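Structural overview for review
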Amino acid sequence: METSKVYTGENAKLLLQGKEYNLPIMIGSEKEVGLDITKLRADSGAITVDSGYGNTGSCLSAITFIDGERGILQYRGYPIDELAAKSNFVEVAYLLIFGHLPTKAELDDFNFKLTHHSLIHEDMKKFFEGFPPTAHPMGILSSMVNSLSAFYPEFDYKTDLEINIARLIAKLKTIAAFSYKKSIGQPYIYPQNHLSYSGDLLNMMFAVPSEEYKINKVVEEALDLLLILHADHEQNCSTSTVRMVGSSEANLFASISAGICALWGPLHGGANQEVLEMLEHIRADGGDYKKYMNMAKDKSSGFKLMGFGHRVYKNFDPRAKILKASADKVLGQLGKSDPLLDIAKNLEEIALKDDFFIERKLYPNVDFYSGIIYRAMGIPTNMFTVMFALGRLPGWIAQWKEMRETPGTRIYRPRQIYTGATKRAHAPIDKR
Ligand code: CMC
């Protein structure tokens, strides 16, 4: 949809301190309504205040559509469940970044680039060695991505963007796997070009030089599904961070590195690690999930049901639905059972019937079941958010690219309502 077509030609009227202002009305391609307040401050001197940006559209975007009330998620118009069933992660990455599903030739070319750029500079291995064994892999991931800007400093946006996009996607899985190998003291396993993106990641994480590692198809497919489900989620905290940093024209690697830091937090991507730790805690405490449900409802307890609630979804997170089914399937196919899955299902069942959760429209989110699948695959808990980052990377890149290619993009610079002291005289130290 062309930007100019977003405007309906109608205005909303704002009555402010006795004066009337016209705010142009916008309607997106899925009929969501917005008010353009770009000129409000220049015309009236007033700004809008929206703590946490829950009502603020920071951009126009043609990448991802979410209808949180109806539990809908679409990448470039394709429903998430169709992409999950019919595409692989590399196809979805291409779709997000370049706007259309690739032809066979386009996909082959993209895959060629993703495999042939997956090595990292040997000097980067020295960086891994500098981290203490206690380092969280998200900290390592973010530092390493930022350091890519030192290895590819001559980044001309016009000529080098595509190759740097491929480099970043290709190398992130190598960096992720190396950071895991470093944390367990095993030798690094290099990428292999004949493997799929997800298969290569598993191989680099779990193979050892002394014996053959056979990639389990069930695990490879489950990992690919997880990456697809995480691939984009419009203007969330980490994506907005990537756009924020990128709006200053900071390079791609620096912008994505900042996004990784934002994702790390427990209210965002870090929730998958928190969910698993919470479920383990409940089990170690005797498995009394009802006790924890009561704690989640009691604000003074400071306890939140991790993996529940979402700023946008006020209905089932469609990704959580897919993952709940996938958790059952993967555990069944791997012949595993997990008491944590039972605790999770019990928590979900009572939460969905509980007035506190019903009134606040709190449903399980993508992080509620993903950790159980990662665990069944043998991925350690502190790597869960790294997996999320690998999945989210194409979305971050697509959003960064869209922002840079949108004419008239300005540096992100919100305003504030100042609440501090008004102008006062400075007193010398002996007079205070
Ligand atoms: N457990 C208990 N109560 C909750 C929870 C929860 N997980 N989430 C929200 N609430 C309550 C909250 O206390 C508030 O109650 P009240 O209206 O009485 O004050 C109400 O529900 C609304 O919550 P909020 O904190 O104002 O909502 P938000 O939109 O600011 O926060 C959230 C969204 C995801 C940060 C929050 O629901 C949360 O902290 N959930 C747990 C962490 C989590 O699972 N994060 C992963 C999000 S999905 C992956 C991603 O995209 O990052």
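Residues numbered from 1 in each chain as written. Predicted model: local features only at pLDDT ≥ 70, side-chain atom pairs only at ≥ 80, totals over all residues. Heavy atoms only, no water.

1. Here we look at the site of the ligand
Spelled out, the test is: We call a residue near a given molecule or strand whenever any one of its heavy atoms falls within 4 Å of it. Whenever two N or O atoms come within 3.5 Å, that pair is a polar contact, provided that in protein one can donate a hydrogen and the other can accept it, and provided that, for residues adjacent in sequence, both atoms are side-chain atoms. Accessibility throughout is a Shrake-Rupley quantity obtained with a 1.4 Å probe, and a residue counts as covered only by protein chains that appear here.
Lining the immediate surroundings of the ligand are 20 residues, of which H268, K299, K304, L305 and R311 lie closest. In this structure, K304 approaches the ligand through a side-chain N or O atom, which is 2.6 Å from an oxygen atom. Separating a nitrogen atom of the ligand from a backbone N or O atom of L305 is a distance of 2.7 Å. Here the ligand loses 75% of its free accessible area of 930 Å² to cover by the protein chains.

2. So, the packing of aromatic side chains
The geometry of an aromatic ring pair is captured by the separation of the ring centres together with the interplanar angle, meaning the angle of the planes. Filter applied, for reference: The aromatic pairing rule takes the rings of Phe, Tyr and Trp, using the six-membered ring of Trp, and pairs them if the centres are within 6.5 Å, calling planes under 30 degrees apart stacked, those over 60 edge-to-face and the rest tilted. Helix and strand labels come from DSSP, where a helix needs a run of H or I of at least four residues and a strand needs a run of E of at least two; each type is numbered from the N terminus. Think of it in three bands: residues with accessible area under 20% of the maximum for their type are buried, residues over 50% are exposed, and the middle band is partly exposed, with areas taken using a 1.4 Å probe on protein chains only.
One pass over the full model with this rule turns up 19 aromatic pairs. Seen in terms of ring centroids, F128 and Y188 are 5.8 Å apart; in terms of plane orientation they differ by 50°. Their pairing is tilted. You can see F128 sitting in helix α5 (residues 124-130) and its partner Y188 sitting in the loop between α7 (157-184) and α8 (197-206), a full 60 residues away along the chain. We note that F128, like Y188, is buried.

3. Side note on unusual backbone geometry
Keep in mind that most residues, glycine aside, have a negative phi and that most peptide bonds are trans. With phi around 60°, Y53 is a residue other than glycine that occupies positive phi space. Mapped onto the fold, Y53 is located in the loop between α1 (40-44) and β4 (64-67). Taking relative accessible area as the criterion, Y53 reaches 51% and is therefore assigned exposed.

4. Considering the packing of α8 against helix α9 (residues 217-229)
Where we set the bar: Angular values range over 0 to 180 degrees, each being the angle between N-to-C directions of two axes fitted as lines to C-alpha atoms, with helices fitted over their stretch in contact. Each angle is binned into one of four classes, with values under 35 degrees roughly parallel, values over 145 roughly antiparallel, values of 65 to 115 roughly perpendicular, and all other values oblique. Working rule for handedness: look at the near helix, and if it is turned counterclockwise from the far one by less than a right angle, call the crossing left-handed; if clockwise, right-handed. Whether two residues touch is decided by their heavy atoms; if any such pair falls within 4.5 Å, the residues are in contact.
Relative orientation of the contacting elements α8 and α9 amounts to 115°, with a least axis distance of 9 Å. When the axis of α8 is compared with that of α9, the two are roughly perpendicular. α8 and α9 meet at a crossing whose hand is right-handed. Facing Y197, S198, G199, L201 and L202 of α8, the residues of α9 in contact are V219, E220, L223, D224 and L227.

5. Notes on the domain arrangement of the protein
So the rule is basically this: What counts as a domain boundary in this text is fixed by an automatic or database domain assignment.
Parsing the protein into structural domains produces domain 1 (3-67), domain 2 (79-265 + 382-405) and domain 3 (271-380). Spacing between the C-alpha centres of domain 1 and domain 3 amounts to 36 Å.

6. As for the pattern of salt bridges
The criterion, for reference: Throughout this description, the term salt bridge denotes a Lys or Arg side-chain nitrogen within 4 Å of a carboxyl oxygen of Asp or Glu.
Within this structure, the stated rule accounts for 20 salt bridges. Its salt-bridge partner being E405, residue K401 comes within 3.5 Å of it at the nearest N-O pair. A residue pair is termed a helical-turn pair when its members lie 3 or 4 positions apart in one helix, as K401 and E405 do in helix α18 (residues 384-405) at four residues. Salt bridges here are not isolated pairs; linked through shared partners, they connect D109, K113 and E162.

7. Description of the nonpolar core
Selection criterion: Buried residues of nine kinds, namely Ala, Val, Leu, Ile, Met, Phe, Trp, Tyr and Cys, make up a nonpolar core once their side-chain atoms join them within 4.5 Å.
In terms of nonpolar packing, the biggest core is built from 113 residues, with I256 and L347 touching the most fellow members. Each of domain 2 (79-265 + 382-405) and domain 3 (271-380) contributes no fewer than three residues to this core. Leaving out residues up to four positions away in the same chain, L347 has contacts with M278, L279, I282, Y289, M293, L305 and F368.

8. A look at the pairing of strand β1 (residues 7-16)
Quick reminder of the rule: By this definition, two strands are paired if DSSP reports at least two bridges between them.
Sheet analysis places β1 next to strand β2 (residues 19-27), joined by seven bridges and oriented antiparallel. Residue pairing in the sheet places N11 in a bridge with P24 of β2. In this antiparallel pair of consecutive strands, β1 and β2, the connection spans two residues, and Q17 shows a positive phi of 50°.

9. Examining the pairing of strand β5 (residues 72-75)
As paired elements, β4 and β5 share four bridges and run antiparallel to each other. Note on β5: the bridge partner recorded for I66 is L73. What sits between β4 and β5 in their antiparallel hairpin is a turn of four residues, with G71 showing a positive phi close to 70°. Direction of pairing for β5 relative to strand β6 (residues 78-79): antiparallel, over a ladder of two bridges. Opposite Q74, over in β6, you have P79 as the bridge partner.

10. Considerations on the sheet that holds β5
Spatial strand order, β4-β5-β6: three strands in an open sheet with antiparallel pairing. The sheet is open, and its two borders are formed by β4 and β6, each paired with just one other strand.

11. Things to note about helix α11 (residues 252-264)
Three or four residues apart is the spacing at which side chains of an α-helix point the same way, because the helix has 3.6 residues per turn. We apply this condition: Expected span of a helix, by definition, is 1.5 Å for each gap between consecutive residues, and there is one gap fewer than residues.
With 13 residues, α11 extends 19 Å from end C-alpha to end C-alpha; this agrees with the ideal 18 Å at 1.5 Å per step. With ten of 13 residues buried, α11 lies mostly within the body of the structure. Check the buried side of α11 and you find it contacts α6 (137-151), α7, α10 (237-246) and α18. N-capping of α11 is provided by N251, with a side-chain oxygen placed 2.9 Å from the backbone N of F253.

12. Let's talk about the side chain of Q399
Structurally, Q399 is set in helix α18. Among the polar contacts made by the side chain of Q399, one reaches the side chain of D232 at a distance of 3.0 Å. Polar side-chain contacts of Q399 include one of 2.9 Å to the side chain of Q235. Here Q399 is in contact with S61, I63, D232, E234, Q235, T239 and R243, once residues within four sequence places are set aside.

13. Quick word on α7
Note the following rule: Axes are fitted to the seven residues ending at a residue and to the seven starting at it; the angle between these axes is taken as the bend at that residue.
For α7, with 28 residues, the first-to-last C-alpha span of 38 Å sits near the 40 Å given by 1.5 Å per residue. Along α7, the sharpest change in direction is near 30° and occurs at I163. Burial within α7 is extensive, with 20 of its 28 residues counted as buried.

14. Examining the packing of helix α17 (residues 366-377) against α18
What counts, and what does not: Residue polarity follows a fixed list, in which Ala, Val, Leu, Ile, Met, Phe, Trp, Tyr, Cys and Pro are nonpolar, Asp, Glu, Lys and Arg are charged, and the others, Gly among them, are polar.
Where α17 meets α18, the closest approach of the two axes is 10 Å, and the angle between their N-to-C directions is 110°. Between α17 and α18, the angle falls in the class roughly perpendicular. The segment α17 lies against α18, with D367, G371, Y374 and R375 engaging F384, M387 and F388. Considered class by class, the residues forming the contact of α17 with α18 number four nonpolar, one polar and two charged.

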